[in-house]
Amino acid sequence: YITKRKNKGSSTVIVILISLTLIIFGVLNFMMTYSSYRISQKNADATSEYYTLDSEAQIFLSKLDKSIKSNSNEEILNLSAVAKDLTKDYKNGLVINGNENSDFNSLNILNAIKIEKYIQDKNGVNSFYIDLNLMQHSISNGKYYEITSYKRLPTSMEYKQLEFAQGEEKAN
């Protein structure tokens, strides 16, 4: 009779341990799912921002094409007129022959100009970059420019300051 009473409590302990194990696995699964959701949300935001910046870059190139079309005759392009058109539309982030928003009467424009365009994200940070060479004479099939760089610029990450518990202070 005494041996039966000892075994009676052990099944309750086993049920409690199994329940705790299932609860712990459930909490861990929830934490992993939430972490995965946050990473997916950041990835979706970054992708959306990339395509927004890319569309702004395409608008810039479209305006450049429109200006080229209106300032070219046969095989010669008026580079100064194109540069003036672009500076009317873009007050910030436009660099022509190394000068940002300069007076084009003072620029030495011969047969080509180098155009750099920085596109800012919603926070006002330069996040996209286009670099191209605009030629006075058509390169091929009425194309007057060659894109040398078209890319997203790396952004800096802000890390949160870690708080340490007593005894875990940073070593200097």
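All figures in this text were calculated on a predicted structure; none of them were measured in a lab.

J.: Explain the pattern of salt bridges to me, and be specific about the residues and the numbers.
T.: Under the counting rule described, the total for this entry stands at 3 salt bridges. Residue Arg152 pairs with Glu49 through a salt bridge whose shortest N-O separation is 3.6 Å. Note that Arg152 is positioned in strand E7 (residues 145–152) and Glu49 in helix H1 (residues 2–70), a separation of 103 residues in sequence. For Arg152, a relative accessible area of 27% corresponds to the partly exposed category. On the basis of relative accessibility, which here comes to 21%, the residue Glu49 falls in the partly exposed class.

J.: Can you explain the packing of aromatic side chains? Please cite residues and give values.
T.: Scanning all chains against the criterion turns up 6 aromatic pairs. A ring pair is formed by Phe60 and Tyr90, whose centres lie 5.2 Å apart and whose planes are at 70°; its orientation type is edge-to-face. Taken together, the residues span a long stretch of sequence, with Phe60 in helix H1 and Tyr90 in the loop between helix H2 (79–89) and strand E3 (94–96) at a distance of 30 residues. Aromatic rings pair up to connect Tyr50, Tyr51, Phe128 and Tyr150 into one cluster.

J.: Tell me about the pairing of strand E6 (residues 126–135), residues and numbers included.
T.: In terms of residue burial, E6 counts as a mostly covered element, since 7 of its 10 residues are buried. In this structure, strand E5 (residues 112–120) lies alongside E6, joined through 9 bridges in antiparallel fashion. Across the sheet, Lys117 pairs through a bridge with Ile130, a residue of E6. As consecutive antiparallel partners, E5 and E6 are separated by 5 residues, and within that stretch Gly124 has a phi angle of approximately 85°, a positive value.

J.: Requested: an account of the nonpolar core, with residues and values cited.
T.: One finds Phe60, Leu64, Ile68, Ile115, Ile130, Leu132 and Leu134 to be the most contacted residues of the largest nonpolar core, which totals 23 residues. Listed by contribution, the elements that provide at least two residues to this core are H1, H2, E3, E5 and E6. Looking at this core, the element that brings in the most residues is H1, giving 6 residues. If we skip the residues at most four places from it in the chain, Leu64 touches Val82, Leu86, Leu132, Leu134 and Tyr145.

J.: Hey, could you go over unusual backbone geometry for me, with residue numbers and the actual values?
T.: The phi torsion at Asn97 lies on the positive side, around 50°, for a residue other than glycine. Following the sequence through the fold, Asn97 ends up in the loop between E3 and strand E4 (99–100). Judged by relative accessible area, Asn97 falls into the partly exposed class, the value being 28%.

J.: Just give me the short version of the environment of Ile139, but keep the residues and values in it.
T.: Secondary-structure assignment places Ile139 in the loop between E6 and E7. We classify Ile139 as partly exposed; its relative accessible area is 43%. In the structure, Ile139 is positioned 64 residues away from Glu75 in sequence and 9.6 Å away in space, judged by C-alpha atoms.

J.: So what's going on with the sheet that holds E6? Which residues, and what values?
T.: Taken together, 5 strands build an open sheet; the order of strands is E4-E3-E5-E6-E7 and the sheet is antiparallel. In this open sheet, the two edge strands, each paired with only one partner strand, are E4 and E7. The sheet contact formed by E6 and E7 spans 7 bridges and is antiparallel. From the neighbouring strand, Phe128 faces E7, where its bridge partner is Arg152.

Quick notes on the rules
Residues numbered from 1 in each chain as written. Predicted model: local features only at pLDDT ≥ 70, side-chain atom pairs only at ≥ 80, totals over all residues. Heavy atoms only, no water. Salt bridge = Lys/Arg side-chain N within 4 Å of Asp/Glu carboxyl O. Helix = DSSP H or I, 4+ residues; strand = E, 2+ residues; numbered from the N terminus. Buried < 20%, exposed > 50% of the residue type's maximum accessible area, 1.4 Å probe, protein only. Phe/Tyr/Trp six-rings, centres within 6.5 Å; stacked < 30°, edge-to-face > 60°. Pairing = 2+ DSSP bridges. Core = buried A, V, L, I, M, F, W, Y, C linked by side-chain atoms within 4.5 Å. Contact = heavy atoms within 4.5 Å.

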